[in-house]
Amino acid sequence: MDASEVEFLAEKETVKIIPNFSLDKIYLIGGDLGPFNPGLPVDVPVWLALNLKQRQKCRIVPPAWMDVDKLEEIRDLERKEDTFTPVPSPYYMELTKLLLNFASDNIPKADEIRTLVKDIWDTRIAKLRLSADSFISQLEAHAKLDNLTLMEINTIRAFLLDSLNCLYKLRSNQHPGSSKGQFADF
Amino acid sequence: MPCERKPMRYGHSEGHTEVCFDDSGKFIVTCGNDGDVRIWEGLDDDDPKFITVGEKAYSLALKNNKLVTASSNNTVQIHTFPDGDPDGILTRFTTNATHVTFNSSGSRVAAGSSDFMVKVVEVSDSSQQKTLRGHEAPVLSVTFDPKDDFLASASCDGNVVVWNIKEQSQLISWPLLQKTNDVSNAKSLCRLAWQPGTAKFLAVPVESKVQLYERGSWDHVSTLSDDLLTQLVNVVAWSPCGQFLAAGSVGGSLNVWDVSSKLCVERQKHEKGFTVCGLAWHPSGSQIAYTDTEGCLGLLDGLRTSTSNSTNTASKQAAVTKPAKDYDALFDDDDDDRVMDEGQSDTNSPVKKPIAGDDDDDDDDFLMPATGRVRSRAILDDENSLDTGSLKLGQEKCGDDDDTGSGVVPAAPLVPLRSAYEGPMPTPPQKAFQPGSTPAHLTHRFMMWNSVGIVRDYNDEQDNAIDVEFHDTAVHHAMHLTNTLGHTMADLSQEAVLLACPGTDELASKLQCLHFSSWDTNKEWMVDLPQGEDVRALCLGQGWAAVATSALMIRVFSIGGVQREIFSLPGNVVCMVAHGEQLLIVYHRAPGFDGGQALGVQLLQFGPRKRQLIHGEPLPLSHRSYLSWLGFTAEGTPCYVDSEGVVRMLNRSVGNTWIPVCNTRETCKSKSDSYWVVGIHENPQQLRCIPCKGSRYPPTLPRPAVAILPFKLPLCQTSTEKGQMEEQYCRSLLFSNHFSFLSSSGYEIDEEAQSQSQKDQQELLMKMFALSCKLEREFRCVELAELMTQKVVTLAIRYASRSRRMALAQRLSEIALEKSNQIQEAEPEEEEDYSSVRRPSGSGQSEAAQGRHSSRRYQEEEEEQEEEQTEEEEGQEMETDEASETKKRVNPFAKEGVSPMKTNLMPITKGGRANPFKVLGLGKPSSASGQPRVNNILDNMTTSRKSFPLSGPAGKQNKNTVLKPLAPRPKTKTQSTLLQMSGTKASNKKTQQNTQPTADRQKEPEAPPPASPADNTENKRPKTGFQFWLEENRKSITADNPDLEETDVIKEAMGRFRTLSAEDRLVRDTGRSGGRVPIRGEGHIRDGVLENL
C-alpha cells in the first residue's frame, strides 16, 4: 500500500461545499449526493469537492478542525504527551494536503494551517521512529498502535517489517543450535 | 428673582468638580479633575491658594478646618485648612471613593466608593470605621442624617438606601434611579441631601424632580418640580436654614425651592448650559456656589432666604405700597433697585404670561405669577405653618389683590404644579432598512444577501467599492463596481441589481439599476429623485423595481426604467420586499409605545390583476421588538422576523393572518447569539440563516456559512406524541398553502411535493386517529375523521371496527357517507371550471395538477383496497394497532407499482385500453378535485399509486385525441351515466401523462396489448367495496367479475358506502363492456404480485 492509495481512501471523507450551481440529487453507487442548491452548504466526498472546485463550481468549507487555534492546541498537546494523541481526523494529513493544494483560497490562514499540520505530523513521526527504535532495542514482542492514522502506519510499515524480518533472521542465526541451512540462503 | 448670577470663572480642568464653603463662609473651596483643591477668597480671587491632593480629586468636604478629599489613589485623606498640610489618611478603598461628606458636627466622615461600599469613619480615630455593605454597584453619593442616626446613600444599582449607622444595616431602600455600571456612566450624580436642623426630610434627586422623604416614616411626602426643569437633577443642597432647597441639573439649570410651599422661588441657568455637578450654600444662606463639569466656578449672590425675610419685615411693609414690587421687596430688601440680569430672562415661563395686564417691567412680570402662586399656597396652608415667609407673603398678597384689582387673581389658579406625564412613553421609530443587509456604518458590510446572491460594500479610506456575487454563477458572473455615488442600499434579483444612494446638499438621491439581463447593449439606467426626496427602501420584483422615498411615496419602475406607478404610503417606510408580482411594504402606522413598534403592512399585486391583498393591517411583533427581516419565501408567501427571533408567515388560508413558524432564539446556545435570516423555503421546509455568535449580523469575513433551521409551530405540549403530531399536521397544512396560491396565480407547482404533503397530512391524521382511539377519545376520533378524506375515513372505519368500537365505526360511516355525497354534489360545479381551465392550458401542468390530485385519490383508494385484498388473501391479519404497520405490508406492492411506472410500455398498454374512459375523464376531473383528497395513509402506497398513473397516460392521450372520433366514445355514454370512478381515473391518467407527454403520444398506437395491468386495477376496485364490509368470503370471489357485482349490491343494501361502491361497480361494468380483452394477463400479474409478497 502506498501513499497514493491512502490518499484515495481519504478522498471518501465528506466535506462541506457551497455550490454555485443547481442540481437535483445525484444517485451514485456510493450513495446519494445533493440536492445542490446554489449558496446552500451540502456534504460531498472530497474527490467530488475537489473536482467541482477545480471547475470553479463550488466553494469548499474547511472542516471544523482545520482552524489555527484548534490545531495549535493539538500540536501543543502532541508535543507534551509521550504517547500519540487523538487526531482530529483519521486522514488529517491527506485532507490538509488536498484541500490546501486545491482550495487554499477558501481556507483562511492556509499557510499557518499547513505549517501546523506539518508540525503535528513531524512530531508524531518522530515519536513513531522513537518508539520503533525502543521497540527493537528492547526486543518487545508487540506494540500498540493507538491513535495512529493509516498514513502514519503506512510510512513506517514497509521499512519496519522488513527490518524486523532481517533482525529476526540475524538473531535466529546467532543461536548456535539453529539451522545452518539459513545461512546458506544468504 | 432678586439674585445675581455672577460670571463664571475658570477653576479646574475639565471634568467632575465639587465645591463647598468653609465654616465661616469666607472661602470657597473647590476640587477638580486636576487633583487640586483651590481655596478662593471669594469669586474675584485671582490667585487662589491650592493644595494638591492627588492626581485627581473626586470629592471634598470641609468642616472644623479639616479638609477631607477623595483622591485617585483610592484613599480618603485629611488636610488641614486653610494651610493644606497633610493630616493623614482616613480610610482606603479598593478603588476610588466617589463622595465624601461630614456629619453635622464634623466628628465623622462618610465616604462612598466605586467598590460598592460605604464607610463611616471617626475623624478623630480613623481606626473606628463602620462599613455599610449592600449596594450592588458603585456608590454615587452619601449623606448624613443631621441627628447622626442614619446615613443615606445612592448607588448606580438604582437604589437609594437609608442605613442605620449603629447597626450597619439597611433600613430602607428605594429603587428610584436608573441602573448603570459606573459612576462615569450614571446620568445623574444623585447627590442626596438631608435637611439640616430638623432633619425632617431627605431630598433625593430623581430624574428632573426632587423627591422628599420623611424621616422616620420614610414615606415619600412630596416632590419638588418645575415646569422649566426638564433635565436630570444632578445635585441638591439645602440652605443652612433648612427651608430652601437648591438643585443643579444636567442641563445647567439651577432652581431653588421653598420646601414648605413647594414653590420654585429661584430659577437660574448656567450661562453656557454646562452640567452643574457641585453646589454649596453659603453659611449665611445668601449665596450659592456651583461648579460645572467644565471646571468652572459660579456664584449666585443675593439670595433671600426666610431668615433674611424675617429680619426685614419692616421693609416689606414699606414696600406694600407698590403692589407689583412687594414680592421683590420681600426677598430682596437689601437692594431693591437691582435689575434682573439676562439669566433671568431664561426663567420666563408661560406661567407668567397671564399677568399681561401688568405694565411694570420684566421683574414684575416675573414676580406676579410667583406671588400668585404663593398666595394660593398660603391659603391652602394652615396658619400654623412654620413657613413664616410664605405666610407673610400670603398676607401681603391678599392686600395686593385689593390694590391691583382682579387682573392678577385669575392667574393664580392657572398655575397649579403640573404633574409630569407618567403614561406609556413612545418608542423611537425604527429606521428604514433593507432586509438582508448589515448596518450601514460598517466599513465592510453586506448590502444585500438574498436567495439570488450577495452584494457587499467595502468602504475604506482608499476606495469605496461594491461586489456583486451570485450564488448560482449561471445567473451572471460576479461584478465589481466602484461606488462613486456612495450607494447605501441594494437589491438583487435574477434580472438586475438595484442600487440607491441618499441625496446630499448638492446631489439628488439617485437610483441606479444594472439591468444585466437586458438583451440590448444598454445595461444600466439611472434616475434622480426630486430634490429633497430620499430613497429609503427599494426592492426588485420580476420585471419591475420599487422604491420608497422620504416623501412617503412608492415609485414603481419597470426593469427597463419606465416609471409605471406612484402612490402614497400612510407612514414612513420601514422596509419593502418584492417577489414575482407581489410587493410587500411595512411602514410606521403610528408611534409605538413602551418599546414596541406600531407597524402596518400592505401587500400589493401587480401584473395583469393589480390589487391590494393586505390593506395596511397592523403587523404583529413580539413584545418590545422591532422588525429585523422581511421577505417572501421562495414560493412567494410573505414572512418576516422580529428582533426576538420569531419568524412569522402569512397564512393565506385563514384570512391573511400571521403564524409564528419558528423561534430562532430557541436554538441559540447563548443569549447574545442570533440567527441572521437570509431566506425561507416552504418546499422543502427550510429556514436559511447565518448563525452569528454574539451579534445580530455576520461579518463579511470570514465568509459566513448558511445553516438551515427547521420550523416549529408553537403549539401546546409538543413534547407529547399528540402535540407533536398536531404540530406536524398544522405545519404541513400551512406549508402546503402555497400550492393553491401558486396554482391560482398561474404558476407551475411541484405536484409531487403537493401530493406528498397531502399524503403526509392524511397519514398524520390517521396516526392521530389511532392515538385517540387508544386513549378512548372517540369524540376526538370523529373530529379527526372529519378532517380526513373519504378514503382515509374508510380506513379509519376499518380500524375502529377492528378495535371493537362499533359506535365509533357507525359514526365514521356516517361521515364517510356525507363526504361521498359532498363529492357528488361538488362534481357538476367543478366540471365547468375544470374544462375551462384545461383548454387554455393545453398540456399545462397547472391543469394537470388540479386534475391529478383528485385522480390520485381514487387511485390511492383503489390501491388501498388492493392491499387489503392481498393481505386478506395471504391470510394475514390486519394489525389494528398501527396504521404504519399496514403500510409496511404494502411495501411489496409498492415496488411492483414502481416497475410499471418506469417502463413506458406499461402505461401505453393501459392507455389503449383506457380510451373509453378518457372521454369520461375529460368531463369529470373537476368532480375529482371537489372530492376530499384521498391520501394513502400508507407511505408505500404512493409507489403503488404510480402504477396506476401508468394507465393515466392513455387517458391523456385520449384527451389530446378527444377531438378525433375514437372507438371509446360510445362507451363514454355509458360511463357518463354514473361512472365517476372511471372519470377520475381518466383524469389521473391525464395528469401523469403530462409529465411524460411525448412518450405517451408515441405509445398511443401500441396501447391495446398491455391491458393487463389496467385489468388488475379494475379488479381491485370491486374488492375495495368488499373489504370495507368485513366479508371475508368475497375476497376469494374477487377474481370473478359477476360475483363482485352481486356483492356490491349487497353492500349497497348495507348502505354506508353505497354511492361509492355503486360508482365502482359501474366503472367495472363499463370497463368490461368496453371489452378488456386480455383478462388473462391480470391473473398473471396478480400471481406475480402475490409471489413477491
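Calculation criteria
Residues numbered from 1 in each chain as written. Chains lettered and ligands numbered in written order. Predicted model: local features only at pLDDT ≥ 70, side-chain atom pairs only at ≥ 80, totals over all residues. Heavy atoms only, no water. Buried < 20%, exposed > 50% of the residue type's maximum accessible area, 1.4 Å probe, protein only. Helix = DSSP H or I, 4+ residues; strand = E, 2+ residues; numbered from the N terminus. Pairing = 2+ DSSP bridges. Expected span 1.5 Å × (residues − 1). Contact = heavy atoms within 4.5 Å. Patch = residues over 30% accessible without salt bridge, like charges linked within 9 Å, V, L, I, M, F, W, Y side chains within 5 Å. Areas by Shrake-Rupley, 256 points an atom, 1.4 Å probe, with all protein chains shown as cover. Salt bridge = Lys/Arg side-chain N within 4 Å of Asp/Glu carboxyl O. Lys, Arg positive; Asp, Glu negative; His and termini not counted. Charge placed at Lys NZ, Arg CZ, Asp CG, Glu CD. Polar contact = N/O pair within 3.5 Å; in protein donor to acceptor, adjacent residues only side chain to side chain. Axes fitted to C-alpha atoms, helices over the stretch in contact; angles between N-to-C directions. Parallel < 35°, antiparallel > 145°, perpendicular 65-115°, else oblique. Nonpolar A, V, L, I, M, F, W, Y, C, P; charged D, E, K, R; others polar. pLDDT = per-residue confidence, 0-100. Phe/Tyr/Trp six-rings, centres within 6.5 Å; stacked < 30°, edge-to-face > 60°. Lys NZ or Arg CZ within 6 Å of the ring centre and 35° of its normal.

A.B. asks: Just to check I follow, could you spell out the pairing of strand β5 (residues 58-61) of chain A for this structure?
C.D. replies: Strand residues, when the strand is regular, have side chains that alternate between the two faces of the sheet. Residues and elements named next belong to chain A. Burial of β5 is two-sided: the residues Cys 58 and Ile 60 facing one way and the residues Arg 59 and Val 61 facing the other way are all buried. When strand β1 (residues 14-19) meets β5, the two strands line up antiparallel, connected through 4 bridges. Bridging across to β5, Pro 19 finds its partner in Cys 58.

A.B. asks: Looking at this structure, how should I read helix α4 (residues 92-103) of chain A?
C.D. replies: Residues spaced three or four apart along an α-helix point in a common direction, a consequence of the helix completing one turn every 3.6 residues. All names here are of chain A. In a regular helix each residue adds 1.5 Å, so 12 residues correspond to 16 Å; α4 covers 15 Å between its end C-alpha atoms and thus fits that length. Of all the 12 residues making up α4, 9 are buried; the element is thus mostly covered by neighbouring parts of the structure. Those residues of α4 that sit buried are Tyr 92, Met 93, Glu 94, Leu 95, Thr 96, Leu 98, Leu 99, Leu 100 and Ala 103. Residues of α4 that are buried make contact with α1 (3-10), β1, α2 (46-54), β5, α5 (110-137) and α6 (150-174).

A.B. asks: Looking at this structure, I do not really get a negative patch on the surface. What am I missing?
C.D. replies: Residue and element names in this part refer to chain A. A surface patch of like charges, here negative, comprises Asp 67, Asp 69, Glu 72, Glu 73, Asp 111 and Glu 112. Mapped by element, the contributors of at least two residues to the negative patch are α3 (68-80) and α5. Broken down by element, the negative patch gets its largest block of residues, 3 residues, from α3. Taking relative accessible area as the criterion, Asp 69 reaches 54% and is therefore assigned exposed.

A.B. asks: Help me understand the pattern of salt bridges, please; the structure alone is not making it clear to me.
C.D. replies: Should the charged atoms of two oppositely charged side chains come close, the side chains can pair. Per the stated rule, a full pass over the model turns up 27 salt bridges over all chains. Between Lys 16 of chain A and Asp 43 of chain A there is a salt bridge, and its shortest N-O distance comes to 3.7 Å. Highlighted residues: Lys 16 of chain A in strand β1 and Asp 43 of chain A in strand β4 (residues 42-45), separated in sequence by 27 residues. The partly exposed category is assigned to Lys 16 of chain A, whose relative accessible area is 36%. Assessed through its relative accessible area of 41%, Asp 43 of chain A is described here as partly exposed. Residue Asp 34 of chain B pairs with Arg 38 of chain B through a salt bridge whose shortest N-O separation is 3.4 Å. A relative accessible area of 18% means that Arg 38 of chain B is categorised as buried. Here the salt bridges do not stand alone but share partners, grouping Arg 75, Asp 76, Arg 79 and Asp 119 of chain A into one network.

A.B. asks: Explain the interface of chain B and chain A here, please?
C.D. replies: Accessible area lost upon the coming together of the parts is a frequently used measure of interface size. Between chain B and chain A, the contact holds 9 residues from the first and 10 residues from the second. Taken together, the connections running from chain B to chain A amount to 0 salt bridges. For the interface between chain B and chain A, the tally reads 1 residue pair in polar contact (both at pLDDT 80 or more).

A.B. asks: Help me understand the sheet that holds strand β3 (residues 18-21) of chain B, please; the structure alone is not making it clear to me.
C.D. replies: To summarise the sheet geometry, strands pair through backbone hydrogen bonds and adopt either a parallel or an antiparallel arrangement. Residue and element names in this part refer to chain B. Reading across from one edge, β3-β4-β5-β6 is the order of the 4 strands in this open sheet, with antiparallel pairing throughout. The two strands at the open ends of the sheet, each matched to only one other strand, are β3 and β6 (49-52). Taken over all neighbouring pairs, the strand axes of this sheet differ in orientation by 20 degrees on average, direction set aside. For strand β5 (residues 36-40) and β6, the ladder comprises 4 bridges, and the chain directions are antiparallel. When the bridges of β6 are listed, Arg 38 appears paired with Phe 50.

A.B. asks: Explain the packing of α1 of chain A against α6 of chain A here, please?
C.D. replies: Helix-helix packing is characterised by the crossing angle of the two axes and by the distance between the axes. All names here are of chain A. Viewed as axis vectors pointing N to C, α1 and α6 meet at an angle of 170 degrees, and their least axial separation amounts to 10 Å. Overall, the two elements α1 and α6 adopt an arrangement that is roughly antiparallel. Each of Ala 3, Val 6 and Leu 9 in α1 lies in contact with α6, whose residues at this interface are Leu 150, Met 151 and Asn 154. Residue composition of the contact of α1 with α6, by class: 5 nonpolar, 1 polar and no charged.

A.B. asks: What exactly am I supposed to notice about the side chain of Ser 153 of chain B here?
C.D. replies: Residue and element names in this part refer to chain B. By the element assignment, Ser 153 lies in strand β16 (residues 150-155). The class of Ser 153 is buried, set by a relative accessible area of 0%. At a separation of 2.6 Å, a polar atom in the side chain of Ser 153 contacts the side chain of His 135. The contacts of Ser 153, once residues within four sequence positions are left out, are Val 118, His 135, Val 139, Ser 141, Val 142, Asn 159, Val 160, Val 161, Trp 163 and Leu 192.

A.B. asks: Help me out: how do you make sense of the packing of helix α9 (residues 751-774) of chain B against helix α10 (residues 778-787) of chain B in this one?
C.D. replies: All names here are of chain B. The geometry of α9 relative to α10 is characterised by a closest axis approach of 9 Å and an angle of 170 degrees between their N-to-C directions. Here α9 lies roughly antiparallel to α10, going by the angle between them. Contacts between α9 and α10 involve Gln 762, Leu 765, Met 768, Phe 769, Ser 772 and Cys 773 on the former and, on the latter, Arg 780, Cys 781, Leu 784 and Leu 787.

A.B. asks: Sorry, what's going on with the side chain of His 12 of chain B here?
C.D. replies: All names here are of chain B. Position of His 12 relative to the elements: it lies in the loop between β2 (9-10) and β3. For His 12, the side chain forms a polar contact with the side chain of Thr 30, separated by 2.7 Å. Not counting chain neighbours up to four residues away, the residues in contact with His 12 comprise Thr 17, Thr 30, Cys 31, Gly 32, Asp 34, Asp 36, Arg 38, Glu 294 and Gly 295.

A.B. asks: Could you clarify how one ought to interpret the confidence of the model for chain B in this entry?
C.D. replies: Should the pLDDT be low somewhere, the predicted coordinates at that spot are not to be read in detail. All names here are of chain B. Looking at chain B, the pLDDT average stands at 72 and 65% of residues meet or exceed 70. Counting contacts from residues 306-417, a segment whose pLDDT is below 50, to residues more than four positions away or on other chains yields 136 contacts. Confidence drops under a pLDDT of 50 for residues 1059-1063, and excluding neighbours within four residues, the segment shows 14 contacts in the predicted structure.

A.B. asks: Quick question: what am I supposed to make of unusual backbone geometry here?
C.D. replies: A negative phi angle is the norm for most residues apart from glycine, just as the trans form is the norm for most peptide bonds. In this model, Gly 34 of chain A is joined to Pro 35 of chain A through a cis peptide bond whose omega is 0 degrees. Looking at where Pro 35 of chain A falls in the secondary structure, it is placed in the loop between β3 (31-33) and β4. Residue Leu 701 of chain B is joined to Pro 702 of chain B through a cis peptide bond whose omega torsion reads -10 degrees. If you trace the backbone, Pro 702 of chain B turns up in the loop between β53 (686-692) and β54 (707-709). The phi torsion at Ala 199 of chain B lies on the positive side, around 60 degrees, for a residue other than glycine. On the basis of relative accessible area, Ala 199 of chain B is assigned to the buried category, the value being 0%. The phi dihedral of Arg 624 of chain B falls on the positive side, at around 55 degrees, and the residue is not glycine. Along the chain, Arg 624 of chain B turns up in the loop between β47 (611-618) and β48 (627-632). Residue Arg 624 of chain B is classed as exposed on the basis of its relative accessible area of 52%.

A.B. asks: Sorry, what's going on with the sheet that holds strand β51 (residues 657-663) of chain B here?
C.D. replies: Residues and elements named next belong to chain B. Overall, antiparallel pairing links the 4 strands, which are arranged β48-β49-β50-β51 in an open sheet. Only two strands of the sheet have a single neighbouring strand rather than two, namely β48 and β51. The average undirected angle you get between the axes of adjacent strands in this sheet is 25 degrees. Relative to strand β50 (residues 646-651), strand β49 (residues 638-642) runs antiparallel, the two being bridged by 3 bridges. The residue of β50 that forms the bridge with Tyr 640 is Arg 648.

A.B. asks: For this particular structure, what's the right way to read the packing of aromatic side chains?
C.D. replies: Each aromatic ring pair is summarised here by two numbers: the centre-to-centre distance and the angle between the ring planes. Residues and elements named next belong to chain B. Tallied over the entire structure, the rule returns 15 aromatic pairs over all chains. Ring geometry for Trp 525 against Phe 557: centres 5.7 Å apart, planes inclined by 35 degrees, an arrangement best described as tilted. Note that Trp 525 is positioned in strand β38 (residues 524-528) and Phe 557 in strand β41 (residues 553-558), a separation of 32 residues in sequence. On the basis of relative accessibility, which here comes to 12%, the residue Trp 525 falls in the buried class. Here a set of aromatic residues connected by ring pairs shows up, and it is made of Phe 150, Trp 174, Trp 194, Tyr 213 and Trp 218. Over the aromatic face of Phe 50 sits the side chain of Arg 38, whose NZ or CZ is 5.9 Å from the ring centroid. Lying across the ring of Phe 93, Lys 119 places its NZ or CZ 4.8 Å from the centre.

A.B. asks: Can you help me understand the pairing of strand β29 (residues 296-301) of chain B in this one?
C.D. replies: Residues and elements named next belong to chain B. The element β29 is largely enclosed, with a buried count of 5 among its 6 residues. Summarising the sheet, strand β1 (residues 4-5) and β29 pair through 2 bridges and their orientation is antiparallel. Its bridge partner lying in β29, Glu 4 is registered against Asp 301. Summarising the sheet, β2 and β29 pair through 2 bridges and their orientation is antiparallel. Considered in β29, the bridge of Arg 9 is made with Leu 297. In this sheet, β29 lies alongside strand β28 (residues 288-292) in antiparallel orientation, the contact comprising 4 bridges.

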